[in-house]
Amino acid sequence: MITLLARSSAVHLRTKNVLSNLTSRCIVRPRLVVQDSVFLSAAKRHIHTSRPRFINPMILAVFRPVSKFLVVIVGRSFRKWWQALPPNKKRLITQHLQRNKGRYVFGSGVMGAASYYYYQSHTTTTLFTGRRRLMLFTPEQLLTLSQVQYETQMEMYGDWILPHNHPYSIQVKRVALRLLQANKDIPQLYNKQWTISVIDLDVINCEVLPSGDIFMFRGMMDLMKNDDQVATVLGHEISHAILEHSGEHLSYGYLRDLLTLVPLAIIWAFLPSDGIAAITHWFTNRVVKVCMQLPHSRTLEMEADTVGLRLAAKACFDIREASAFWGAMDIGSQHDEPPSWLSTHPSNADRQQLLDNLMDEAITIRDSFKCPRLSQKDPRQEVKMMLALKDKLLKGE
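What you see is a predicted model; the values in this text were computed from it and never measured. (Residues numbered from 1 in each chain as written. Predicted model: local features only at pLDDT ≥ 70, side-chain atom pairs only at ≥ 80, totals over all residues. Heavy atoms only, no water.)

Participant: Before we move on, could you go through the overall build of the chain and cite the residues and values that matter?
Facilitator: On a plain count of helices and strands, the chain comes out with 12 helices and 9 strands. The buried share of the chain, taken over its 397 residues, is 44%. Of the contacts made within the chain by residues no fewer than 6 positions apart, 68% connect residues no fewer than 24 positions apart. (Helix = DSSP H or I, 4+ residues; strand = E, 2+ residues; numbered from the N terminus. Buried < 20%, exposed > 50% of the residue type's maximum accessible area, 1.4 Å probe, protein only. Contact = heavy atoms within 4.5 Å.)

Structure representation (structure tokens):
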């Protein structure tokens, strides 16, 4: 049974469930807040492998830029020092390295084994997909970082938040509560205070913080036709939060930087001039971005699409609208946009294809929760017709 009780400027939502005895509270001030006062027993279980000691995120935040600067200084200093050495000194050093190469190889092997052990001891398994990934942050550390991010976002957009009685705020609140209540069996929902702020800016975006703070922009809301499409975007953002994608993104960034330190040091140490070293350094960074950073970012986005579709299916939304939404976004996109392999996000067409491939399974999940039957009119059909028309126009037919 769900009852709405108006109390001053806030709206309280109380849900009674015989099985879980769950109580929820929703406060809109003008941002939506969903906070659970009674935790499900499942929330106490951890799906991740046990995590050993973690480094303070502030230390990592300082180490990251400092290490990039130091590797240039050390590599360049070595090159200057080596170039200034007389030939006999260079010969002695070379002979020393040849005589003791076994020790250096052994030392390198020990360091490699220790690094591999550290990596393996800090890998976790993602919810639903079972993907293995590096995680250097605890949930508590992510919440601390997200609080700083939240304050920054509020400084930027605080004056642009729509009031709680605005139609967009009401719609986002309604869809978010339906998603959260339908997925209350997921433990990761209960360690967050879910909030939604609708920003009155013509920006096509929706952002989420690790704490569960979601920022929806009016520009994105203008593009969505119904609650089902809003559930597509919110389900995607909620998935980012419960999968701890922000922490994984930071962890992978640190690992990526660490792996490039030695190649960059070699570049600055052995290339003949600063100019050549700087150009090679820039090119290496571009290659790392295209081959490592961007593919990983797209993986996280597609994983959030996959899990978000599941969340929306359990909430009995018309999940076919997810494919229709990204198809419509593809129709409105420019044909001269850069290829997806140069982007942090998959293309609209790739996202539509992914969701279509998952649709049968998602509909089966939806049916298993005794949801009302889907309408015979499939929203994807109209989008397919429009896409075909767009292709003909681009071909000049």
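Participant: Tell me about the state of the cysteines, and name the residues and values.
Facilitator: Here the structure, examined in full by the defined rule, presents 1 disulfide. Each sulfur in the disulfide pair Cys316 and Cys371 lies 1.9 Å from the other. Disulfide Cys316 to Cys371: torsion about the S-S bond roughly -75°, handedness left-handed. Remark: Cys371 occurs in the loop between helix H11 (348-368) and helix H12 (379-394) and Cys316 occurs in the loop between helix H9 (274-314) and helix H10 (320-332); sequence separation between them is 55 residues. (Disulfide = S-S within 2.5 Å.)

Participant: An account of the pairing of strand S9 (residues 213-217) is needed here, citing residue identities and associated values.
Facilitator: Burial runs high along S9: 5 of the 5 residues are buried. Because side chains alternate across S9, one face comprises the buried residues Asp213, Phe215 and Phe217, and the other comprises Ile214 and Met216, equally buried. Where strand S8 (residues 206-208) and S9 come together, 3 bridges link them in antiparallel fashion. Considered in S9, the bridge of Glu207 is made with Phe215. Linkage of S8 to S9, two consecutive antiparallel strands, is achieved through a turn of 4 residues, within which Gly212 is found at a positive phi near 105°. (Pairing = 2+ DSSP bridges.)

Participant: Give a description of the packing of aromatic side chains that names residues and reports values.
Facilitator: Per the counting criterion, the structure on display carries 8 aromatic pairs. With centroids separated by 5.7 Å and ring planes inclined at 45°, the aromatic side chains of Phe78 and Trp81 adopt a geometry described as tilted. Residue Phe78 and its partner Trp81 are both found in helix H1 (residues 57-84); the two are separated by 3 residues, about one turn of the helix. For Trp81, a relative accessible area of 41% puts it in the partly exposed group. Taking the centre distance of 6.0 Å and the plane angle of 40° together, the rings of Tyr150 and Phe215 count as tilted. Pair noted here: Tyr150 is in helix H4 (residues 139-157) and Phe215 is in strand S9, with a separation of 65 residues, a long-range link. (Phe/Tyr/Trp six-rings, centres within 6.5 Å; stacked < 30°, edge-to-face > 60°.)

Participant: Quick rundown of the nonpolar core? Include the residues and the values.
Facilitator: In this structure, Leu179, Met216, Leu234, Ile238 and Ile242 are the most contacted members of the largest nonpolar core, which totals 47 residues. It is helix H7 (residues 227-242) that provides the largest number of residues to this core, a total of 7 residues. Non-local contacts of Ile238, meaning those with residues more than four positions away in its chain, are made with Leu179, Leu180, Leu189, Trp194, Ile214 and Leu311. With 8 residues, the next largest nonpolar core counts Ile161, Leu201, Leu209 and Phe215 among its residues. (Core = buried A, V, L, I, M, F, W, Y, C linked by side-chain atoms within 4.5 Å.)

Participant: An account of the side chain of Asp305 is requested, with residue identities and associated values reported.
Facilitator: Here Asp305 lies in helix H9. A relative accessible area of 5% places Asp305 in the buried class. At 2.7 Å, the side chain of Asp305 forms a polar contact with the side chain of His236. The residues touching Asp305, leaving out its near neighbours within four places in the chain, are His236, Arg351, Leu354 and Leu355. (Polar contact = N/O pair within 3.5 Å; in protein donor to acceptor, adjacent residues only side chain to side chain.)

Participant: Pulling in residues and values, what's your account of the pattern of salt bridges?
Facilitator: Overall, the coordinates contain 16 salt bridges when judged by the stated rule. Asp274 serves as the salt-bridge partner of Arg76, at 2.8 Å between the closest nitrogen and oxygen. Of this pair, Arg76 sits in helix H1 while Asp274 sits in helix H9, and the two are 198 residues apart along the sequence. Here Asp356 and Arg380 are joined by a salt bridge, their closest N and O atoms 3.3 Å apart. Pair noted here: Asp356 is in helix H11 and Arg380 is in helix H12, with a separation of 24 residues, a long-range link. Residues joined by salt bridges that share partners form a network here, namely Arg131, Arg133, Glu244, Glu248 and Glu303. (Salt bridge = Lys/Arg side-chain N within 4 Å of Asp/Glu carboxyl O.)

Participant: Lay out H9 in plain terms, naming residues and giving numbers.
Facilitator: The terminal C-alpha atoms of H9, which comprises 41 residues, lie 58 Å apart, in line with the 60 Å expected from a rise of 1.5 Å per residue. Residue Lys289 marks the point of greatest curvature in H9, where the axis turns by about 40°. Cys316 sits one or two residues past H9 and shows a positive phi near 65°. (Expected span 1.5 Å × (residues − 1). Bend = angle between axes of the 7 residues up to and from the residue.)

Participant: Can you break down the packing of H7 against H10 residue by residue, with the values?
Facilitator: The interhelical angle for the contact between H7 and H10, taken along N-to-C directions, is 80°, at an axis separation of 8 Å. With respect to H10, the element H7 is oriented roughly perpendicular. Residues Asp228, Gln229, Thr232 and Val233 of H7 form the contact with H10, whose own contacting residues are Glu321, Ala322, Phe325 and Trp326. In terms of residue class, the contact of H7 with H10 is made up of 4 nonpolar, 2 polar and 2 charged. (Axes fitted to C-alpha atoms, helices over the stretch in contact; angles between N-to-C directions. Parallel < 35°, antiparallel > 145°, perpendicular 65-115°, else oblique. Nonpolar A, V, L, I, M, F, W, Y, C, P; charged D, E, K, R; others polar.)

On their own, these measurements won't tell you what the molecule is for.
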